[in-house]
Amino acid sequence: MKQTVNLDNFIGNPRIVEVLKRAIEQDRLPHALIFAGPAGIGKCTLALLTAQILNCLSPVNNSACGECSSCKKISATLKSRNLPCLSLKGEGFCGTCENCRLRMQKHPDVRLIEPEKTTISINQVRELIDEVAFQPFEARYRLAVLDPADQMKIEAQNSLLKTLEEPASRTVIILITTNPYMLLETIRSRARLLQFGEIPRETIEKYLISEVKMTLQDAQLSAALSGGSLAAAMTFDTTCYREIREQAFRFVKLLLKGEDFTNASSLAAQAAKDKKSFVTWVDAVMALLEDIYYAVTAPERIGQGDLHDKLEQIARNTPRGILVSAIDAVGNLKRELQYNINRQLALEAMFLKVGSP
Ligand SMILES: [Zn+2]
Ligand SMILES: [Zn+2]
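Thresholds, definitions, all that
Residues numbered from 1 in each chain as written. Chains lettered and ligands numbered in written order. Predicted model: local features only at pLDDT ≥ 70, side-chain atom pairs only at ≥ 80, totals over all residues. Heavy atoms only, no water. Buried < 20%, exposed > 50% of the residue type's maximum accessible area, 1.4 Å probe, protein only. Helix = DSSP H or I, 4+ residues; strand = E, 2+ residues; numbered from the N terminus. Arc of directions from axis to C-beta. Contact = heavy atoms within 4.5 Å. Donors = N, O, S within 2.8 Å, 3.2 Å for Na, K, Ca; no water. Tetrahedral: all angles 85-135°; square planar, octahedral: opposite > 155°, others 65-115°. Patch = residues over 30% accessible without salt bridge, like charges linked within 9 Å, V, L, I, M, F, W, Y side chains within 5 Å. Areas by Shrake-Rupley, 256 points an atom, 1.4 Å probe, with all protein chains shown as cover. Salt bridge = Lys/Arg side-chain N within 4 Å of Asp/Glu carboxyl O. Lys, Arg positive; Asp, Glu negative; His and termini not counted. Charge placed at Lys NZ, Arg CZ, Asp CG, Glu CD. Core = buried A, V, L, I, M, F, W, Y, C linked by side-chain atoms within 4.5 Å.

*Asks:* Could you clarify how one ought to interpret helix α14 (residues 308-317) in this entry?
*Replies:* If you check which residues of α14 are buried, you get Leu-311, Ile-314 and Ala-315. One side of α14 holds all its buried residues, which, seen down the axis, span an arc of 105°. Seen from the open side of α14, the exposed residues pointing more than 90 degrees away from its buried face are Asp-309, Arg-316 and Asn-317. Tucked inside the fold, the buried residues of α14 contact α11 (238-257) and α13 (275-297).

*Asks:* How do you make sense of the coordination of the zinc ion (ligand 2) when you look at a structure like this?
*Replies:* For a metal bound by four donors in a tetrahedral arrangement, the ideal donor-metal-donor angle is 109.5 degrees, while six donors in an octahedral arrangement ideally sit at 90 or 180 degrees. Binding of the zinc ion (ligand 2) to the protein goes through Cys-85 (SG), Cys-94 (SG), Cys-97 (SG) and Cys-100 (SG), at separations of 2.3 to 2.4 Å. Between the four donor atoms coordinating the zinc ion (ligand 2), the angles at the centre fall across 101 to 116°, so the site counts as tetrahedral. For the zinc ion (ligand 2), the donor residues sit on a single chain with the sequence spacing C-x8-C-x2-C-x2-C. Since its relative accessible area comes to 28%, Cys-94 is described here as partly exposed. The class for Cys-100 is buried, based on a relative accessible area of 2%.

*Asks:* Sorry, what's going on with the side chain of Asn-13 here?
*Replies:* For Asn-13, the position within the fold is in the segment before α1 (14-25). For Asn-13, the residues in contact, after removing those within four places along its chain, are Ile-41, Phe-196 and Gly-197.

*Asks:* Mind showing me how you'd approach a positive patch on the surface here?
*Replies:* A cluster of basic residues, Arg-250, Lys-253, Lys-257 and Lys-310, forms a positive patch on the protein surface. Per-element accounting of the positive patch gives the leading share, three residues, to α11. Structurally, the position occupied by Lys-310 is in helix α14. Since its relative accessible area comes to 49%, Lys-310 is described here as partly exposed.

*Asks:* Looking at this structure, I do not really get the coordination of the zinc ion (ligand 1). What am I missing?
*Replies:* Of the protein atoms, only Cys-56 (SG), Cys-65 (SG), Cys-68 (SG) and Cys-71 (SG) coordinate the zinc ion (ligand 1), at distances of 2.3 Å. Considering all four donor atoms around the zinc ion (ligand 1), angles at the metal cover 101 to 118° and the coordination shape is tetrahedral. Positions of the donor residues of the zinc ion (ligand 1) along the chain correspond to the pattern C-x8-C-x2-C-x2-C. With Cys-56 in the loop between α2 (43-55) and α3 (69-80) and Cys-68 in the loop between α2 and α3, this pair connects stretches of sequence that are twelve residues apart.

*Asks:* Explain the nonpolar core to me, please; I cannot follow it from the model alone.
*Replies:* Within soluble globular proteins, side chains that are nonpolar generally end up buried alongside one another. Grouped together as the largest cluster of nonpolar side chains are 46 residues, with contacts concentrated most on Phe-35, Leu-46 and Ile-174. At eight residues, α2 tops the list of elements feeding residues into this core. Apart from the residues within four sequence positions on either side, Leu-46 is in contact with Leu-7, Phe-10, Ile-16, Val-17, Leu-20, Phe-35 and Phe-196. Ranked by size, the runner-up nonpolar core spans 44 residues in total, among them Ile-244, Phe-278, Ala-287 and Ala-329.

What follows is the structure in structure tokens.
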């Protein structure tokens, strides 16, 4: 059976999907769009699906056929995104391995522009500007997706202004960003901003169970800790997380009781060893505290159902004031993490602060 492509199967952000569908149906897509919102919720996917629907050679009722040469090339771009070269392992592209060959099946009129190394260079933008000055080769629409657009340096952004101002007809430029305010005001004023939101936890849960075949418990845990990102939820390592969480849980129990500083300090020292896993550890502490908070007020919102009874027991034995001040303190710690803080000292200070009235 033919697998057609339309926007109805896109997970999350139904309002934005509706806006795009209507614009496609009425053939009135703005020539410059900003897709803004959290990472991993499918902004780039939606942009490329839009490209596919606009350019399918044998569309059926505003759906792309998924089979024609145009559909195949665009879906190759979609699939090869984030795929590393198999022989050079992220150190460039060999051009011959399976992933590289998929990557090269580009559609001449649909371009995904990603950073070379860390930025989207002014040369990449100039190339794009030259391209979009012409009518599309084989497509009805020429589409360029810059992801993430905020990785353009200011001079690169400036060079794009004129193209956004006076685009060639049937050209759509989509700028993808987690934060539209990292784009120049002059860029923002020339583009239509679509602000994406997080995907609701229940939606992610359902998807993980039905499409990824996760168990209910794993799906609940992944959805609860993915920050509304489907991509993060799909790649969430529940086994590794459960190990980190076990340690975090021991710390949380001491934190809420406000006793046994020595033990808490040695847990803090262990957690602080590695910066990357420390971030996960702090996230786990926060997720546990939040679930303890929900255990009494809104049990249906508990993300870590596997711990339900333990969480509830702690909730019953913890004064609300302590819990709230612990959540507050961990929130502060999370913000401080973006600076180069001494992780163990920060944890110990937090412990003493929550413990003292
Ligand atoms: Zn097609
Ligand atoms: Zn390769």
